[in-house]
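So the chains spell out like this:
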Amino acid sequence: MATSRTAGKTRGSAQGAGALRRIKRFFDDYSIIYAVLILIVILSIASPDFLSLKNFTNVFRQISMIAILTIGMFFVMVGGGIDISCGATVGLTGVLFAMFMVNYGMHPVPAFILTVLAGVLIGTINGTLVTRFGIPAMIATLGTQSISRGFTYVITGAYPISGIPESVSFLGRGYVLGLEWLPWPVFIVAILAIIAHYMAQRTRFGRSVYAVGGNPEAAYLSGIKDKRIQIISYIALGALSAISGMILTSRLASGQPNGGLTWEFEAVTAAVIGGVSITGGRGRVFGALLGAILIGLLTNGMTLIGMESYPQQMVKGIVLVLAIGFDIYSINKKSKN
Amino acid sequence: MAEYALRINNISKSFPGVKALDDVSFDIKKGELHGLVGENGAGKSTLIKILSGVYSTDLGSFELNGVPVTVDTPLEAQQLGISVVHQELKLVESLTVKENIFLGRPFKGKMGIDWQKLRDEAVNLINRLNISLDPDELVSNLSVAQKQIVEICKALSYNADIIIMDEPSATLTEKELETLFSILHELKAQNITIIYISHRLEEIFKLADTVTILRDGKHIDTLPVNQVDREKLISLMVGRTLGMEYPKRKVEIGEPVLEVKNLNRKGVLHDVSFTLHRGEILGFAGLVGAGRTEVARAIFGADRGVTGEILLNGKTYSPKNVSFAVSNGIGLIPEDRKEQGLVLDMMVKENISMANFKSIMSSVFLMPKKEESIAHKFIDALHIATPDAERQVKYLSGGNQQKVVIGKWLNAESDILIIDEPTRGIDVGAKAEIYSLMCDLAEEGKAIIMISSDMPELLGVCDRIMVMHDGRITGELMAEEATQEKILEYAIM
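Residues numbered from 1 in each chain as written. Chains lettered and ligands numbered in written order. Predicted model: local features only at pLDDT ≥ 70, side-chain atom pairs only at ≥ 80, totals over all residues. Heavy atoms only, no water.

**Q** What exactly am I supposed to notice about the overall build of chain B here?
**A** When you go through chain B residue by residue, the secondary structure sums to 17 helices and 24 strands. On the principal axes, the C-alpha backbone points of chain B span a range of 70 × 50 × 45 Å. When each of the 493 residues of chain B is scored for burial, the buried share is 55%. Expressed as a percentage of contacts within chain B between residues at least 6 apart in sequence, the contacts between residues at least 24 apart total 66%. Looking at chain B as shown, the accessible area adds up to about 21000 Å², and 50% of this sits on carbon and sulfur atoms. In chain B, 55 side chains carry a positive charge and 71 a negative one; their mean positions are 3 Å apart. (Helix = DSSP H or I, 4+ residues; strand = E, 2+ residues; numbered from the N terminus. Buried < 20%, exposed > 50% of the residue type's maximum accessible area, 1.4 Å probe, protein only. Contact = heavy atoms within 4.5 Å. Areas by Shrake-Rupley, 256 points an atom, 1.4 Å probe, with all protein chains shown as cover. Lys, Arg positive; Asp, Glu negative; His and termini not counted. Charge placed at Lys NZ, Arg CZ, Asp CG, Glu CD.)

**Q** I would appreciate a short explanation of the interface of chain B and chain A in the present structure.
**A** In many analyses, interface size is given as the accessible surface area lost on bringing the parts together. Residue-level contacts link 39 residues of chain B with 25 residues of chain A. There are 4 salt bridges connecting chain B and chain A. Between Arg207 of chain A and Glu350 of chain B there is a salt bridge, with the nearest N and O atoms lying 3.9 Å from each other. At the junction of chain B with chain A, the criterion picks out 7 residue pairs in polar contact (both at pLDDT 80 or more). (Salt bridge = Lys/Arg side-chain N within 4 Å of Asp/Glu carboxyl O. Polar contact = N/O pair within 3.5 Å; in protein donor to acceptor, adjacent residues only side chain to side chain.)

**Q** What is the right way to look at the pattern of salt bridges in this model?
**A** Tallied over the entire structure, the rule returns 26 salt bridges over all chains. Glu255 of chain B is paired through a salt bridge with Arg278 of chain B; the nearest N and O atoms lie 2.9 Å apart. Of this pair, Glu255 of chain B sits in the loop between α8 (230-238) and β13 (256-265) while Arg278 of chain B sits in the loop between β14 (269-277) and β15 (281-286), and the two are 23 residues apart along the sequence. Across the salt bridge formed by Glu372 of chain B and Lys349 of chain B, the nearest N and O atoms sit 3.3 Å from each other. Placement of the pair is Glu372 of chain B in helix α13 (residues 368-381) and Lys349 of chain B in helix α12 (residues 348-352), with a sequence separation of 23 residues. If you follow the salt bridges from partner to partner, you end up with Glu217 of chain A together with Arg265, Arg297 and Asp303 of chain B in one network.

**Q** Please explain a nonpolar patch on the surface as it appears in this structure.
**A** All names here are of chain A. On the surface, a cluster of nonpolar side chains totalling about 570 Å² of accessible area is made up of Ile23, Phe26, Phe27, Tyr34, Ile38 and Ile42. Contributing elements (two or more residues each) for the nonpolar patch: α1 (2-29) and α2 (32-46). Looking at where Ile38 falls in the secondary structure, it is placed in helix α2. (Patch = residues over 30% accessible without salt bridge, like charges linked within 9 Å, V, L, I, M, F, W, Y side chains within 5 Å.)

**Q** What am I meant to see in the packing of aromatic side chains here?
**A** How two aromatic rings sit relative to each other is set out by the distance from centre to centre and by the angle between their planes. By the definition in use, this model includes 12 aromatic pairs over all chains. Ring centres of Phe75 of chain A and Phe205 of chain A lie 5.8 Å apart, and the angle between their planes is 40°; this geometry places the pair in the tilted category. Placement of the pair is Phe75 of chain A in helix α3 (residues 53-78) and Phe205 of chain A in helix α9 (residues 204-214), with a sequence separation of 130 residues. Pair check on accessibility: Phe75 of chain A and Phe205 of chain A agree, each one buried. Here the aromatic rings of Phe274 of chain B and Phe284 of chain B are separated by 5.0 Å at their centres, their planes lie at 75°, and the arrangement is edge-to-face. Taken together, the residues Phe274 of chain B in strand β14 and Phe284 of chain B in strand β15 connect sequence positions 10 residues apart. The structure contains a cluster of three or more aromatic residues connected by ring pairs, namely Phe74, Phe75, Phe205 and Tyr210 of chain A. (Phe/Tyr/Trp six-rings, centres within 6.5 Å; stacked < 30°, edge-to-face > 60°.)

Right, dumping it as structure tokens:
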């Protein structure tokens with residue numbers, strides 16, 4: 001009897017421990033929530049304009065394009081890579097989208113498809129350089145960044161392409177069903193994030209990305225096609241950069257050759273402060289997304305309290321270094337235990 | 001003069017959730033070779049890290065040559081004359097032997113570094129060990145054994161009178177071991193005290209004067225080696241008497257499942273041919289670098305540039321990549337679990353399902369429930385000691401990690417398992433379990449290739465042993481006729 005009672009007791013406490021563990025794991029995965037909440041409280045106190053639906057809608061719309069990049073960056077970084085060409089891809093694809101419609105008179109739908117394909121192509125090149133030729137990701141994408149940006153200036157002469165058809169303006173400026181709190185870009189981010197989350201957590205591809213980023217050798221020796229997985233993650237980021245670029249073009253009603261400048265920096269920062277490890281293998285889609293939101297709130301808050309844009313850039317740099325420092329610190333701490 | 005080089009008094013050390021050392025006390029005599037044994041997790045590493053100033057103690061103290069001391073940093077330990085030769089060697093590969101020995105302490109001359117003096121001092125140290133090693137050679141060109149020698153010279157250069165050797169023999173070949181042993185004798189002759197940690201008990205009996213046994217963080221006993229035998233020592237380590245160390249069972253050998261003919265890879269493999277049968281455990285013996293792992297990788301499709309013919313169940317099989325090999329029922333349990341076998345940050349269940357995602361999928365999605373139940377199936381079947389299937393594998397012991405890798409291939413429904421160094425770095429109790437598991441699998445009709453540098457293990461577990469040397473198969477021995485001497489003869493021919 002005594003034994004059966006203890007057995008029952010352990011089972012009960014094991015269940016309780018299981019729930020606790022799940023809660024603990026949730027906060028381990030999404031510890032950035034604290035940072036977001038603290039920032040919201042501070043900014044609400046610092047600026048009376050901050051805490052309003054209108055401001056939040058505004059912030060979300062502003063960060064939406066970077067958030068889309070962050071979702072792609074999530075896969076690349078969890079898979080153990082990095083892509084600093086994605087900002088330039090935004091610029092190039094944004095301009096291409098405009099040129100397809102303005103210079104070649106294309107209907108928006110085929111223009112959209114061709115632009116996505118351009119993003120896919122850039123992603124394929126990045127992925128191939130990194131996996132097949134073994135060029136360090138940082139260097140390979142530094143190269144493609146320069147190529148893409150240069151090419152953008154060559155085809156545009158560094159002038160914006162204006163005259164975008166009104167029919168695509170909804171993409172950057174419209175509201176879903178006319179709802180004032182749901183701009184199209186925000187809606188697109190939400191959909192993409194949900195898809196990405198399920199891909200990461202519940203598909204073979206997603207699991208493979210984690211495995212490859214966690215230990216490429218072990219993944220390869222388990223029959224996972226590590227290189228293919230990595231290439232696909234670069235392609236996903238390329239395609240998402242194209243979508244981001246098209247939203248930008250629609251939002252500005254013109255293709256801007258400088259579009260997406262330094263966005264790779266914002267996307268990497270967002271991913272890292274959202275818990276994506278720079279050494280690969282760890283992170284969550286919604287964590288990275290919260291990272292993007294945090295960056296957006298920070299930028300918005302700094303603007304509201306009247307900070308100029310140059311010091312803002314310094315603050316963001318400090319945030320990135322701190323986030324990476326924290327990441328490395330926690331990796332070292334874990335490996336010591 | 002004090003009789004003891006080191007007295008350890010009531011040392012305790014806790015980490016969150018574990019008491020790594022619990023009131024440990026023992027004495028180490030001057031000039032003796034003191035063996036330190038215990039299963040993984042017994043507290044050996046923690047003790048070493050405390051002695052070498054990496055960790056601080058919670059309680060307790062040391063006496064060095066009769067004087068109470070505190071060791072707060074690795075530098076202090078070195079200055080006190082305690083040096084550690086680590087399992088993972090810490091050398092700068094791109095520098096020469098002499099530069100590594102005196103790393104960070106160059107001899108200053110009139111014009112910068114006094115290279116002549118540096119070289120002379122290095123030669124002195126190497127001569128003290130009575131071996132030959134070129135002080136001008138780059139460390140990256142050295143074998144593991146030679147690198148170890150550099151580490152030992154480095155320790156001597158600090159005037160160490162206590163040298164701690166953490167599993168020095170784990171990656172050495174038989175021949176290199178002989179060199180290591182002779183070096184240890186030299187050191188002893190120079191009245192240097194050595195603390196020697198090893199999982200290979202035969203070395204303890206061969207080398208040590210005294211042996212200390214730790215178990216679960218507690219000091220179990222310190223005895224002169226001549227007062228203890230192998231069985232006694234093992235039972236002190238595991239706290240119970242083990243049954244047969246090698247549970248070899250008679251299994252009916254079935255039809256050939258894998259026929260390898262004239263496998264070649266330029267400069268690595270030369271005309272390797274052999275046949276593996278159902279229910280058989282086929283051993284591969286040889287020195288490190290003999291090409292055994294390369295044979296495994298060739299069959300597993302992990303390397304390019306392999307030619308030759310392989311028949312799998314009578315049909316031609318040409319493994320163009322790993323996933324092809326996996327889907328044809330071949331599994332590889334690599335020699336380096338942590339680097340090649342597991343994704344350490346991932347959970348037990350994720351590692352188990354990694355080689356066969358289909359087993360946990362319904363059409364498109366991975367099913368957490370399925371994954372959970374499959375993980376529990378193997379946790380139960382293989383007796384994997386883990387609190388739950390969600391535990392990250394990095395927190396498991398070596399033996400349990402190895403079982404997770406085996407579980408991965410069982411879940412992938414592999415018929416042929418290639419196990420490279422199945423028990424490296426695994427403690428005695430868990431070893432027996434792994435052997436028994438391998439026998440179970442053979443009984444179930446799986447065919448197993450076992451690569452090992454541990455001779456007793458090869459002799460105890462295998463039905464047949466192929467011996468390799470320099471990329472060639474140089475001998476084949478049936479279990480009945482195989483002896484260590486015969487294997488060695490083929491291995492160094």
